[in-house]
Amino acid sequence: VGEPTSPVHGPAEDKRERHRCDYESCQASSVTTPPQALFASDAAVGLGKMLKRLFCAAALALAAADDQDAWVAEPDGSQQLERVPLPKTGQLHDSFADLPTDCELLIDVAASSVNPVDRTFPGISTERVMGSDLCGVVAARGDGCSEPARLPVGTRVWGDIGANVFYAANGTKTKENGAYASVAVALESQLGVAPKQASTAVCGALPKVALTSYKALLWFLHADAWTGSETIVILGGSGGTGSAGIQLAKRLGAGTIMTTTSTANMQYCRDLGADTVIDYTTTNWADVVEDGSVDAVYDTVGQAGTGRTALKKLKSTGYYVTIAGGGVPADPRSASFINSDTNLSSSSLLDELAAIVDDGALTMQIDSTYSLEDIAAAFDKSAAGH
């Protein structure tokens, strides 16, 4: 309610109306032939008509240069591919409050991903471009960017721009987003140099899930203090965050990694590095893990009562964290964490993760790829849970 009249990636109605009129005008002038035909007139075509056609061709080119295809969400919950204005550097700070002072960059987007949180965009009162993960190339740097540039034009970058933010005009909470488009705008502090060894698809699929699991392991499960003998339970090992979590836990020195998954994905989790894989379709993980036996529980699933069960399974020095929302037991060893609340300054973590990827210790299996216009099909597959 009460969002600004010119939100990030929102429609510039006056420009759109002008472009629509330009298209209609040109169509009325029968400018439907290839450009070279504009100059192939004969004596039957008057100078006025020729000039009008040339003007219309220029107007159409300008419209194409100012707009781009993007997957947008509407206030009524509908979504579609639509022509929207290209983003501009500076618009993030104009639209949102309390952002880091880092400069803004335009990114030519090569790939993104679909996570459950990406499938909807609730609480908006005007259309917004969806999408959070991105892999692409820096196309432009905004005013006020420091030199020498950390991420110069032409640098291949990756990041998660799905941060929770607040509109400057009224303080309403929303999401940044904007990656489901050819060009996106992002804070430099949200981006890192992309891993050299990652394909474009992997580069676009990893940022959100890798950042989420890396933060959960380091900030809440204190993996930086592990000595190599620790046991961690990762609930939901075959999902995006679970897959990243298994690999990162192994990289950070976990001695034993236990995880839950379905029957079909048990070998997949073993291949990622899990030592014990529990088939949740036949077995409750709480019946396998002994009380007081593990050092960490990382919950990516969010079933009711998981926190209370996890605390029973932890050693007195162990920790539990969930990324699935909801309440957690009132215990200093228990925490709930939302990655999108901490995604405005992730550059240093992304650089650490890129090094891990380039070392061959972190990747993401790509099941399928979709074009921009087929995002609805990607959402359907994501909603199926596999």
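Counting of residues starts from 1 at the beginning of each chain's written sequence and follows it residue by residue. In keeping with the model being predicted, local features are shown solely for residues with a pLDDT of at least 70 and side-chain atom pairs are shown and tallied solely at 80 or more, while totals for entire chains, interfaces and linings include all residues. Note that the side-chain values use all heavy atoms of the structure and ignore hydrogens as well as water.

Before going further, it helps to examine unusual backbone geometry. One can expect most non-glycine residues to show negative phi and most peptide bonds to be in trans. Backbone torsion omega between glutamate 147 and proline 148 reads 0°, so that peptide bond is classified as cis. Positive phi outside glycine occurs at aspartate 98, with the angle close to 60°. Numbering of helices and strands runs from the N terminus, with a helix taken as a DSSP run of H or I at least four residues long and a strand as a DSSP run of E at least two residues long. Relative to the assigned elements, aspartate 98 resides in the loop between α3 (91-95) and β3 (104-111). Burial classes follow relative accessibility: with a 1.4 Å probe on protein chains only, a residue under 20% of its type's maximum area counts as buried, one over 50% as exposed, and anything between as partly exposed. The exposure class assigned to aspartate 98 is exposed, which follows from its relative accessible area of 75%. Positive phi, normally seen in glycine, also occurs at asparagine 177, with a value near 55°. Tracing the sequence through the fold places asparagine 177 in the loop between β8 (173-175) and β9 (183-187). When its relative accessible area of 6% is taken as the criterion, asparagine 177 is described as buried.

A separate point is the packing of helix α5 (residues 207-220) against helix α6 (residues 240-251). Put simply, α5 and α6 touch, their axes get as near as 8 Å, and they point 50° apart. For the element pair α5 / α6, the angle class is oblique. Crossing of α5 over α6 shows right-handed handedness. Of the residues in α6, those touching α5 at Val209, Ala210, Thr212, Ser213, Tyr214 and Leu217 are Gly240, Thr241, Ala244, Gly245, Leu248 and Ala249. Inter-axis angles, ranging from 0 to 180 degrees, are taken between N-to-C directions of lines fitted to C-alpha atoms, where helices are fitted over the stretch in contact. Should an angle fall under 35 degrees it is taken as roughly parallel, and over 145 as roughly antiparallel, whereas 65 to 115 is taken as roughly perpendicular and any remaining angle as oblique. Note on convention: the crossing is left-handed when the near helix lies turned anticlockwise from the far helix by less than a right angle, right-handed when the turn is clockwise. Contacts were defined at the residue level, with two residues in contact if any of their heavy atoms lie within 4.5 Å.

On to the sheet that holds strand β1 (residues 67-73), then. Here, a strand pair is defined by DSSP locating no fewer than two bridges between the strands. If you walk across this open sheet you meet the 3 strands as β2-β1-β4, and the pairing is antiparallel. The open sheet is flanked by β2 (79-85) and β4 (128-129), the only strands paired with a single partner. Pairing geometry for β1 and β2, over 7 bridges, is antiparallel. Within β2, the position partnered with glutamine 68 by the bridge is valine 84.

Here we come to the pairing of β1. With respect to burial, β1 is a largely interior element, 6 of its 7 residues being buried. Here β1 folds back onto β2, and the loop between the two strands holds 5 residues, one of which, glycine 77, carries a positive phi near 95°.

Attention shifts here to the state of the cysteines. The definition used for a disulfide is geometric: two cysteine sulfur atoms within 2.5 Å. A complete count under the given rule lists 2 disulfides for this structure. What pairs with cysteine 135 in a disulfide is cysteine 203, and their sulfur atoms sit 2.2 Å apart. Handedness here is read from the sign of the S-S torsion; for cysteine 135 and cysteine 203, about 95°, the answer is right-handed. You can see cysteine 135 sitting in strand β5 (residues 133-141) and its partner cysteine 203 sitting in helix α4 (residues 200-205), a full 68 residues away along the chain. In this pair, the class of cysteine 135 matches that of cysteine 203, namely buried. Of note for the protein: the bonded cysteines, numbered N- to C-terminal, pair according to 1-3, 2-4.

Any Lys or Arg side-chain nitrogen found within 4 Å of a carboxyl oxygen on Asp or Glu counts as a salt bridge. Scanning all chains against the criterion turns up 9 salt bridges. One salt bridge connects arginine 141 with glutamate 188, and the closest N-O pair in it is separated by 2.9 Å. Note that arginine 141 is positioned in strand β5 and glutamate 188 in the loop between β9 and β10 (191-193), a separation of 47 residues in sequence. The two residues arginine 141 and glutamate 188 agree in class, both being buried.

Turning our eyes to something else, we now look at the confidence of the model for the protein. A residue-level look at the protein finds 83% of positions with pLDDT of 70 or above and a mean pLDDT of 86. You can read pLDDT as the predictor saying how much it trusts each residue, on a scale of 0 to 100. Every residue in residues 58-63 is under pLDDT 50, and counting partners more than four places away or in other chains gives 7 contacts.

Within the element layout of this structure, tryptophan 285 appears in helix α8 (residues 285-288). The spatial distance from the C-alpha of tryptophan 285 to the C-alpha of leucine 235 is 8.6 Å, given a sequence separation of 50 residues. Setting aside anything within four residues of it in sequence, one finds tryptophan 285 in contact with Val233, Leu235, Thr260, Ile278, Thr306, Thr309, Ala310 and Lys313.

Working definition: an aromatic ring pair is given by the centre-to-centre distance plus the angle between the planes. Working definition: a ring pair exists when centres of Phe, Tyr or Trp rings (six-membered ring for Trp) sit within 6.5 Å. Plane angles under 30 degrees give stacked, over 60 give edge-to-face, the rest tilted. Per the stated rule, a full pass over the model turns up 4 aromatic pairs. For the pair tyrosine 180 and phenylalanine 379, a centre-to-centre distance of 6.2 Å together with 45° between the ring planes defines the contact as tilted. Taken as a pair, tyrosine 180 in the loop between β8 and β9 and phenylalanine 379 in helix α11 (residues 375-383) lie far apart in primary sequence, 199 residues in all. Neither residue differs from the other here; tyrosine 180 and phenylalanine 379 are each classed as buried. With a centroid separation of 5.1 Å and an interplanar angle of 40°, the aromatic rings of phenylalanine 220 and phenylalanine 337 are classed as tilted. Of this pair, phenylalanine 220 sits in helix α5 while phenylalanine 337 sits in the loop between β16 (334-336) and α10 (347-358); the two residues are 117 residues apart in sequence, bridging distant segments of the chain.

What follows concerns the packing of α5 against α10. Running from N to C, α5 and α10 point in directions that differ by 100°, and their axes come no closer than 11 Å. In terms of axis orientation, α5 runs roughly perpendicular to α10. Within the contact between the two elements, α5 uses Ala210, Leu211, Tyr214, Lys215 and Trp219 and α10 uses Leu349, Leu350, Glu352, Leu353 and Ile356.

This next bit is on the nonpolar core. Among buried residues, those of type Ala, Val, Leu, Ile, Met, Phe, Trp, Tyr and Cys that are joined through side-chain atoms within 4.5 Å constitute a nonpolar core. Formed by 47 residues in total, the largest nonpolar core has its most connected members in Trp158, Leu206, Leu217, Trp226, Ile232, Leu353 and Leu362. Those elements that provide at least two residues to this core are α4, α5, β11 (231-235), α6, α7 (266-272), β14 (294-299) and α10. The greatest single-element share of this core, amounting to 7 residues, is contributed by α5. Every residue in contact with isoleucine 232, bar those within four places of it in the chain, is listed here: Leu217, Leu221, Trp226, Ala249, Ala254, Thr256, Ile257, Met258, Ala296 and Tyr298. Ile107, Val109, Ile161 and Ala179 belong to the second largest nonpolar core, which has 14 residues in total.

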